[in-house]
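Now for the letters of each chain:
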Protein chains: 2
Amino acid sequence: MSEDIRAGEIATALPETFDAGLYFIGRIRTPWTRRDECPKNARGSDATCTIALDPRYAAALDGVATCTHIVVLYFMDQARRDLLVQAPRHGERRGTFALRSPVRPNPIAMSVARLVGVDGTRLTVVGLDCLDGTPLIDIKPYFASVDAVPDAVVGHARKKS
Amino acid sequence: MSEDIRAGEIATALPETFDAGLYFIGRIRTPWTRRDECPKNARGSDATCTIALDPRYAAALDGVATCTHIVVLYFMDQARRDLLVQAPRHGERRGTFALRSPVRPNPIAMSVARLVGVDGTRLTVVGLDCLDGTPLIDIKPYFASVDAVPDAVVGHARKKS
């Protein structure tokens, strides 16, 4: 919540209470300890990261090692949640749901990571872009049959190039 | 929480408190009102579904209509959260993190949906598989450059065929 709102940004009053609760089920270990060090997106770095799952959930990893790629959900706990329209430093004003910014009503990031290995409750992956210590929310198998849409287009991003 | 545990399934004691909170930001309208009616996965039906966003967040949709596909996160609020190993009715025992089952410590589902249209705060999409009334958590633009991995493999699922 440290940032101020920028010109052109729109904030909302969030509801007074939450509707459901999340457990942090582990932590993500990355080389990045400041936001300006993080890659711009998950394919922006080949750095190896580690997912350290809480040992309480160890049995739930059975079968994960057979996946080449996993969907990782994590909680961007340092992001403000009230911005509806954002003005990125380099880019046009956009609605929050048209952006992958961590700033959103529910600051849950989704990344597709390549699974390098599983050692007990530690997963070695490539393809994450978050701060060291980011709370883990979920791990899912990535199914190309339902998750891969190679010809998908984000029109507003394409116009920029 | 209506189901009993099946033979071979493993449950855990969940933490006593949540670590973070979620806002339900809308509801998903689908043709399915009972779990046994839902398609087996998100490509299992061509049915048109509607995402009804809470009007509070309307401004956050600016730019979304330029996307051919969106990532939809939703909360499977009828799923139990304590199973680490699951025994699907038709299939082998697997760890929760190797399955896309709604049953998981944080029952957040992720689907890639084709965006048919945006009308105010109502998004028409194809590619969801959830119950009518499911709470919406997030909408994100789907970027093929980072989200599409057409050659990804889930080894344990491939062995079955």
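To keep things clear, this report deals only with the structure shown in the data block. Computed from a predicted structure; not experimentally measured. (Residues numbered from 1 in each chain as written. Chains lettered and ligands numbered in written order. Predicted model: local features only at pLDDT ≥ 70, side-chain atom pairs only at ≥ 80, totals over all residues. Heavy atoms only, no water.)

## Comments concerning the interface of chain A and chain B
Counting residues at the interface gives 70 residues for chain A and 70 residues for chain B. Roughly 6,800 Å² is buried in total at the junction of chain A and chain B, and carbon and sulfur atoms are behind 62% of that figure. Considering only the surface of chain A that becomes buried against chain B, A:Tyr23, A:Phe97 and A:Arg100 emerge as the three largest contributors, covering 13% of it. The interface formed by chain A and chain B contains four salt bridges. (Contact = heavy atoms within 4.5 Å. Buried area = accessible area lost by both parts, 1.4 Å probe. Salt bridge = Lys/Arg side-chain N within 4 Å of Asp/Glu carboxyl O.)

## Focus: the relation of the copies chain A and chain B
You can overlay chain A on chain B at an RMSD of 0.0 Å; the transform is a turn of 180° with a shift of 0.0 Å along its axis. Interpreted geometrically, this transformation is the action of a two-fold axis. A share of 100% of interface residues in chain A that are also interface residues in chain B marks the association as one of identical surfaces. (Least-squares fit on C-alpha atoms with pLDDT ≥ 70 in both.)

## Focus: the environment of A:Asp46
All names here are of chain A. Looking at the secondary structure, you find Asp 46 in the loop between β3 (26–29) and β4 (48–53). Classification of Asp 46 as exposed rests on a relative accessible area of 69%. Sequence separation between Asp 46 and Ser 111 is 65 residues; the distance between their C-alpha atoms is 14 Å. (Helix = DSSP H or I, 4+ residues; strand = E, 2+ residues; numbered from the N terminus. Buried < 20%, exposed > 50% of the residue type's maximum accessible area, 1.4 Å probe, protein only.)

## A short note on the packing of aromatic side chains
Evaluation of the coordinates by the stated rule reveals four aromatic pairs over all chains. Pairing A:Phe18 with B:Tyr23 gives two aromatic rings, centres 4.8 Å apart and planes at 40°, and the pair type is tilted. Placement of A:Phe18 in the loop between β1 (10–11) and β2 (20–22) and of B:Tyr23 in the loop between β2 (20–22) and β3 (26–29) is noted, with the two residues assigned to different chains. A residue is classified by how much of its surface remains accessible, and B:Tyr23, at 7% relative accessible area, is buried. Ring geometry for A:Phe24 against A:Phe75: centres 5.7 Å apart, planes inclined by 40°, an arrangement best described as tilted. Here A:Phe75 lies in strand β5 (residues 69–75) and A:Phe24 lies in the loop between β2 and β3, a separation of 51 residues in the sequence. Judged by relative accessible area, which is 16%, A:Phe24 ranks as buried. Using a relative accessible area of 5% as the deciding quantity, one classes A:Phe75 as buried. (Phe/Tyr/Trp six-rings, centres within 6.5 Å; stacked < 30°, edge-to-face > 60°.)

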